[in-house]
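Now for the letters of each chain:
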Amino acid sequence: MHAAPSLFSHRPYWAARFGVAPFLPMTRAEMDALGWDSCDIILVTGDAYVDHPSFGMAIIGRLLEAQGFRVGIIAQPDWTSAEPFTALGPPNLWFGVAAGNMDSMVNRYTSDRRLRHNDAYTPNDEGGKRPDRAVIVYSQRCREAYPDAPIVIGGIEASLRRIAHYDYWSDKVRRSILLDAKADLLLYGNAERAIVEVAHRAAAGEHPKRMRDLRGTAFIQNGDLPEGWLEIDSTTIDRPGPVEPHPDPYAALPPAAESSGKGTVCSPARPAAEGSGVSVMNFHRRAIRHDRAKTVVRLPSYEQVKNDPVLYAHASRLLHLETNPGNARALVQRHGDRDVWLNPPPIPLTTPELDAVFDLPYARVPHPSYGDARIPAYEMIRFSVNIMRGCFGGCTFCSITEHEGRIIQSRSEASILREIEEIRDRTPGFTGVISDLGGPTANMYRIACKSADIERSCRKLSCVYPDICPNLNTDHSSLIGLYRKARELPGVKKVLIASGVRYDLAVRDPAYVRELVTHHVGGYLKIAPEHTETGPLAKMMKPGMGAYDQFKALFEKYSQEAGKKQYLIPYFIAAHPGTTDEDMLNLALWLKHNGFRADQVQAFLPGPMALATAMYHSGRNPLKGIRRDRGEIVASPKGLKQRRLHKAFLRYHDAENWPLLREALRNMGRADLIGNGKRHLIPLWQPAGTGIRGGEGARTGRKHGPQTFLTQHTGLPPRVDGSRPSARPTDPKGTRGNIAKSAPADRRPARAFTQGSPCGAGKRRGGR
């Protein structure tokens, strides 16, 4: 990996003399109490201000404070006027704007585009406290309040919208958020390195809009290519002559040539004109040497991808191929008469740097101005510890890899144990139970490529698909040692693991599964197969059910050895690109056969920049080479009726869905699955008063609460009222389990686990 200066190598700014604030100020009165006449940097966020390292604005604010800057927070301002954005006065250096820990559109709307009535990042779970497209709105209000103040945007919303992107809620391709927000600079991914550089260079008098050399940033470029740079154009105009096509320009040369700096260059070095008959991935190959640090890849323009889904898929593929910090080139995309330039991704933090970030003096509680108000997102994480960042899984529907990167950044044992002690000693309400030691996944801690050289040159989108890479170290011994030390700390009674386990990785180290199952499962363990059928699994880049079966066998074996009744809860997703009605039927049969009943299931939500979103919008598979005349076509469930049907298959047990499922099964020629026997999926009879509201996704009159996954299956412990779920035996010939004949109101499922996907550490994240 490229070398980078230490995050804390800068000389502190002069304002460091003011010391550490108990909370970063949100009012002028708080500034006065700290002796400040102004703020150097003001951070605007769509979340409530919780001074805890699980909240992005707290990390950025405390990091800048550690650099010596006076940082103020404007949290969830009223965006209907510019006045709330003047609460702290003008910033001396710049405004930092983010939507919060979630994309504002994902936060506000469901996958069926329905309005959510709650917001876990707001006091008392109140919805509507942030605007749609919050980064754009907040930036405009900052500009209105102080026209001369520079604006730097970041966070997950800006990060995932840094180029032209498909927007599910408007069903169109939108241009880079940089242009709509009229910001001076965009920071994407984990932005600690970039934010520190921007702050110190701005303090030295440099305007953020002129900072063009920072990794992990995007900016607007006018004029010609900088001197000394080589441009690689990813599209060319069809014309006679010797053209050698390459489905993947980066795989066209052997590894030796790639690592030596050789590459592919197309001619002419300019974007193809709109409507000119573009031949996608049609490259002239020349064996020339060039410097990656001075090479930029030109993506199809905004105007092209807006009107041509095939070019959109091509641009998405290129973007994801240029995400390894060890070998990524800069990217550029034309928007009208301007270019949006993306520098290569940031260099991951080292363990000492990540430790220092998490060791900053967080108050670890919400700002006192919220009083006794409950902030659900804080309640969820206040007794949990983030031990790592990043994910090399590469699931196509998930935003974690796109935002945090594929390189795992791990904290040291000492830092993690210190944080557990901080929770024990300082966090109100601690009862001795650590609710989670995890991150994007539970078991990628200190797992990396066996070779730094291979890691630098690798261009794979996933280290674990279609199988675990032989160069990946799968040893979990460091994580096992951490678990043991954590549960031995005085005052700690139990350490639970709530982050999703990457089970295909875990089965490579049965000792880890034994440790996890014996000591760290609180009755249920959630994992995410996402589907049972190979078609959708291939589009998700998820392993087959063979790995699930292996993990299940180990889980049950070690639970029995420990003398514990514990249950494995699989998580599934409906309506993903590449999923057919037959796929969902087979999944429903698997669920019934295994006695699972799921409620409030998740349908695929096409978040910006995800590869699965490119499939959804373009109908092409960007995991493979994109060619206009050939290539894999991907069908996606798009109509509301089909999406409801796919969700209904996951909730086959709900009588509200039975009319919809009966109709679908008859149309599919599977009426044999309708009946009252053990082999049937749904019964012939219909409970009175049910099935009249349209089925899954059409239920009305419900207040949308937290998106909790509920489940019921054979062998569950008693419900809170003392009753027990009835067993559903499977017939000896392996046919599917029986369906209970009582109304759904008599079958209230037991709560199994918390919000979000197991791949998201139990926390709702943008793009999921």
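What counts, and where the lines are drawn
Residues numbered from 1 in each chain as written. Predicted model: local features only at pLDDT ≥ 70, side-chain atom pairs only at ≥ 80, totals over all residues. Heavy atoms only, no water. Helix = DSSP H or I, 4+ residues; strand = E, 2+ residues; numbered from the N terminus. Contact = heavy atoms within 4.5 Å. Areas by Shrake-Rupley, 256 points an atom, 1.4 Å probe, with all protein chains shown as cover. 1 Å grid on protein atoms, 1.4 Å probe; cavity = no way out; pocket = protein on both sides within 12 Å on 5 of 7 lines; lining within 4 Å. Points joined across faces, edges and corners; volume = space filled by probe spheres on them. Axes fitted to C-alpha atoms, helices over the stretch in contact; angles between N-to-C directions. Parallel < 35°, antiparallel > 145°, perpendicular 65-115°, else oblique. Left-handed = near helix turned anticlockwise from the far one by under 90°. Nonpolar A, V, L, I, M, F, W, Y, C, P; charged D, E, K, R; others polar. Pairing = 2+ DSSP bridges. Phe/Tyr/Trp six-rings, centres within 6.5 Å; stacked < 30°, edge-to-face > 60°. Buried < 20%, exposed > 50% of the residue type's maximum accessible area, 1.4 Å probe, protein only. Lys NZ or Arg CZ within 6 Å of the ring centre and 35° of its normal. Expected span 1.5 Å × (residues − 1). Core = buried A, V, L, I, M, F, W, Y, C linked by side-chain atoms within 4.5 Å. Salt bridge = Lys/Arg side-chain N within 4 Å of Asp/Glu carboxyl O.

Participant: Give me the overall build of the chain: which residues, what numbers.
Facilitator: When its secondary structure is counted, the chain shows 24 helices and 28 strands. Considering only intrachain contacts with a sequence separation of at least 6, the fraction spanning at least 24 residues in the chain is 78%. Entry remark: accessible area of the chain is about 28,100 Å², with carbon and sulfur atoms responsible for 52%.

Participant: I'd like to hear about empty space enclosed by the protein, residue by residue, with values.
Facilitator: Applying the stated criterion across every chain yields a total of 15 cavities of 30 Å³ or more. Of the pockets and cavities examined, the largest cavity occupies roughly 890 Å³. Around the largest cavity, the lining comprises 48 residues; the ones closest to its centre are Ser54, Phe55, Gly56, Asn101 and His403. Ranked by the residues each element gives to the lining of the largest cavity, the list is headed by helix 2 (residues 56-66), at four residues.

Participant: Please give an account of the packing of helix 2 against helix 7 (residues 192-203) that cites residues and values.
Facilitator: Contact geometry of helix 2 with helix 7 gives a least axis separation of 10 Å together with a crossing angle of 45 degrees. Taken together, the axis directions place helix 2 and helix 7 in an arrangement best described as oblique. Relative to helix 7, helix 2 is oriented so that their crossing is right-handed. Note on element contacts: helix 7 touches helix 2 through Glu192, Ile195, Val196 and Ala199, opposite Ile59, Ile60, Leu63 and Leu64. Looking at the contact of helix 2 with helix 7 residue by residue, the classes come out as seven nonpolar, no polar and one charged.

Participant: Hey, could you go over the packing of helix 16 (residues 477-487) against helix 18 (residues 510-519) for me, with residue numbers and the actual values?
Facilitator: Where helix 16 contacts helix 18, the axes come no closer than 10 Å and their chain directions differ by 25 degrees. When the axis of helix 16 is compared with that of helix 18, the two are roughly parallel. In the crossing of helix 16 with helix 18, the sense of the turn from one axis to the other is left-handed. Facing helix 16, whose interface residues are Leu479, Ile480, Tyr483, Arg484 and Arg487, helix 18 presents Ala511, Tyr512, Glu515 and His519.

Participant: Pulling in residues and values, what's your account of the sheet that holds strand 9 (residues 230-233)?
Facilitator: Pairing in this open sheet of ten strands is mixed, and the strands run 2-1-3-4-7-8-16-15-14-9 from one edge to the other. Strands at the two margins of the open sheet, each flanked by one partner only, are strand 2 (71-75) and strand 9. Each strand of the sheet is rotated relative to its neighbour by a mean of 25 degrees, with strand direction disregarded. Of the strand pairs in this sheet, strand 4 (residues 151-153) and strand 7 (residues 185-187) are connected by two bridges, and their pairing is parallel. Each bridged residue has a counterpart across the sheet, and for Val152 the counterpart in strand 7 is Leu185. Docked against the sheet, helix 7 engages strand 1 (41-45), strand 3 (94-97), strand 4, strand 7 and strand 8 (217-221), running at close to 165 degrees with respect to strand 3.

Participant: Account for the sheet that holds strand 23 (residues 524-530), with residues named and values stated.
Facilitator: An order of 23-24-26 is seen for the three strands of this open sheet, with the pairing classed as parallel. Among the strands making up the open sheet, the edge pair consists of strand 23 and strand 26 (602-603). Sheet topology note: the strand 23/strand 24 (residues 567-574) ladder contains five bridges and is parallel. Paired with Lys526 across the two strands is Ile569, which belongs to strand 24.

Participant: Tell me about the packing of aromatic side chains, and please be specific about residues and values.
Facilitator: The relative placement of two aromatic rings is captured by the distance of their centres and the angle of their planes. A complete count under the given rule lists 23 aromatic pairs for this structure. Ring plane angle 75 degrees and centroid distance 5.7 Å describe the contact between Tyr168 and Trp169, whose orientation is recorded as edge-to-face. Both residues of the pair, Tyr168 and Trp169, count as buried. The structure contains a cluster of three or more aromatic residues connected by ring pairs, namely Tyr503, Tyr548, Phe551, Phe555, Phe572, Trp590 and Phe596. The aromatic ring of Tyr168 is capped on one face by Arg113, whose charged end is 3.9 Å from the ring centroid. A cation over an aromatic ring shows up here: Lys638 above the ring of Tyr616, its NZ or CZ 4.8 Å from the ring centre.

Participant: Explain helix 14 (residues 413-426) residue by residue, including any values.
Facilitator: Between its first and last C-alpha, helix 14 extends 20 Å over 14 residues, near the 20 Å set by a 1.5 Å rise per residue. For helix 14, every residue scored as buried is listed here: Glu413, Ser415, Ile416, Leu417, Glu419, Ile420 and Ile423. At its buried positions, helix 14 is contacted by helix 11 (351-358), strand 17 (384-386), strand 20 (433-434), strand 21 (436-438) and helix 16.

Participant: A description of the nonpolar core should follow, citing residues and the corresponding values.
Facilitator: Trp94, Ile420, Leu437, Phe551 and Leu681 are the most contacted members of the largest nonpolar core, which totals 161 residues. Val44, Leu178, Ala181 and Met609 belong to the second-largest nonpolar core, a separate cluster that totals 44 residues.

Participant: Break down unusual backbone geometry for me, citing the residues and quoting the values.
Facilitator: Omega for the peptide link from Tyr465 to Pro466 comes to 5 degrees, which places this bond in the cis form. In this fold, Pro466 is placed in the loop between helix 15 (452-457) and helix 16. Phi at Arg133 is positive, roughly 50 degrees, even though this residue is not glycine. For Arg133, the location among the structural elements is in the loop between helix 3 (104-108) and helix 4 (134-145). Taking relative accessible area as the criterion, Arg133 reaches 16% and is therefore assigned buried.

Participant: Got a sec to walk through the pattern of salt bridges? Specific residues and values, please.
Facilitator: Under the definition given, this model contains 48 salt bridges. Among the salt bridges present, the one from Arg298 reaches Glu231, with a minimum N-O distance of 3.0 Å. With a gap of 67 residues between them, Arg298 in strand 14 (residues 295-298) and Glu231 in strand 9 connect regions that are remote in the sequence. Using a relative accessible area of 7% as the deciding quantity, one classes Arg298 as buried. Taking the shortest distance from any N to any O, the salt bridge between Arg411 and Glu419 comes out at 2.6 Å. The exposure class of Glu419 is buried, given its relative accessible area of 4%.

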